[in-house]
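Listed here are the chains, written in short residue letters.
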Amino acid sequence: MKKTFAIFALFALLTLITVSALAQTKKAPLDNASATKIVQLLKDSGHVHGQLADNVWLVRFRGNTLDDIVVTTIVSREGLLILSAIVAEKKSFKATPELMSKLLRMNNDYDRLKIGIKENGDMFVRIDLSFRITDSQEFKMNVEQVSAAADEIAAAIKPFLVAAPAAKKPVK
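None of these values were measured; they are calculated from a predicted model. (Residues numbered from 1 in each chain as written. Predicted model: local features only at pLDDT ≥ 70, side-chain atom pairs only at ≥ 80, totals over all residues. Heavy atoms only, no water.)

(A) Focus on the pattern of salt bridges. Taken as a whole, this structure holds seven salt bridges when the rule is applied. Ionic pairing is found between D128 and K114, a salt bridge with its closest N-O pair at 2.9 Å. Of the two residues, D128 is situated in strand 6 (residues 123-130) and K114 in strand 5 (residues 114-117); the sequence distance between them amounts to 14 residues. In this structure D128 comes out as partly exposed when scored by relative accessible area, which is 24%. One salt bridge in this structure joins E144 and K140, with 2.6 Å as the shortest N-O distance. Of the two residues, E144 and K140 are both situated in helix 4 (residues 136-156); the distance of four residues between them amounts to about one turn of the helix. Residue K140 is classed as partly exposed on the basis of its relative accessible area, which comes to 31%. If you follow the salt bridges from partner to partner, you end up with K114, R126 and D128 in one network. (Salt bridge = Lys/Arg side-chain N within 4 Å of Asp/Glu carboxyl O. Helix = DSSP H or I, 4+ residues; strand = E, 2+ residues; numbered from the N terminus. Buried < 20%, exposed > 50% of the residue type's maximum accessible area, 1.4 Å probe, protein only.)

(B) How the structure looks around the confidence of the model for the protein. Mean pLDDT for the protein: 84, with 77% of residues reaching 70 or above. Across the protein, element-level confidence peaks in helix 4 with a mean pLDDT of 97 and bottoms out in helix 1 (residues 2-25) with 44. Here residues 5-26 scores under 50 on pLDDT; set against residues more than four positions off or in separate chains, the count is three contacts. (pLDDT = per-residue confidence, 0-100. Contact = heavy atoms within 4.5 Å.)

(C) Representation of the sheet that holds strand 6 in the model. The strand order 1-2-3-4-6-5 describes an open sheet built from six strands, whose pairing is antiparallel. For this open sheet the edge positions go to strand 1 (49-53) and strand 5, each flanked by a neighbour on one side alone. Averaged over neighbouring strand pairs, the angle between their axes works out to 30° when direction is ignored. Judged from the eight bridges that link them, strand 4 (residues 80-88) and strand 6 form a sheet pairing that is antiparallel. Within strand 6, the residue paired with A88 across the bridge is M123. Packed on one face of the sheet, helix 2 (residues 32-45) meets strand 1, strand 2 (56-61), strand 3 (69-75) and strand 4 and runs near 10° to strand 2. In the packing of helix 4 onto the sheet, contacts are made with strand 2, strand 3, strand 4, strand 5 and strand 6, and the angle to strand 4 comes to roughly 20°. (Pairing = 2+ DSSP bridges. Axes fitted to C-alpha atoms, helices over the stretch in contact; angles between N-to-C directions.)

See the structure below:
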């Protein structure tokens, strides 16, 4: 009897753990209050924006070095407002020790901005804010900082970029 009860209790515990884990990994849609707030922040910024997914918006900028800087705005379930932009795709730079050293030094030059390499190898800049306390002024300043930093870093890493192969001329 004790053995049957122990097996049943173990099975119930494992089921409870599995259900809890699945519930935590299920993506919850953005609640209406958060969606309304982020849309208002985007409108107040004065920048043209578009929505990519339920919790993802894009703001486009033109830089001096980068023609098209896309600042991705994500509202996470954990209450973070994540602003990020790709500086360079993996195929466009060589991750040499000199480049990594330069990026580490540049990371220190920015107060709240992170410079990093994504899992897919792309170089990015990112700022994480507490969504709950972010107002329009703070949002606008940080979106613009992500864009400006992406452009500045792109200029600084030019010596480390891989030259694009020359286009082949058509044979006459």
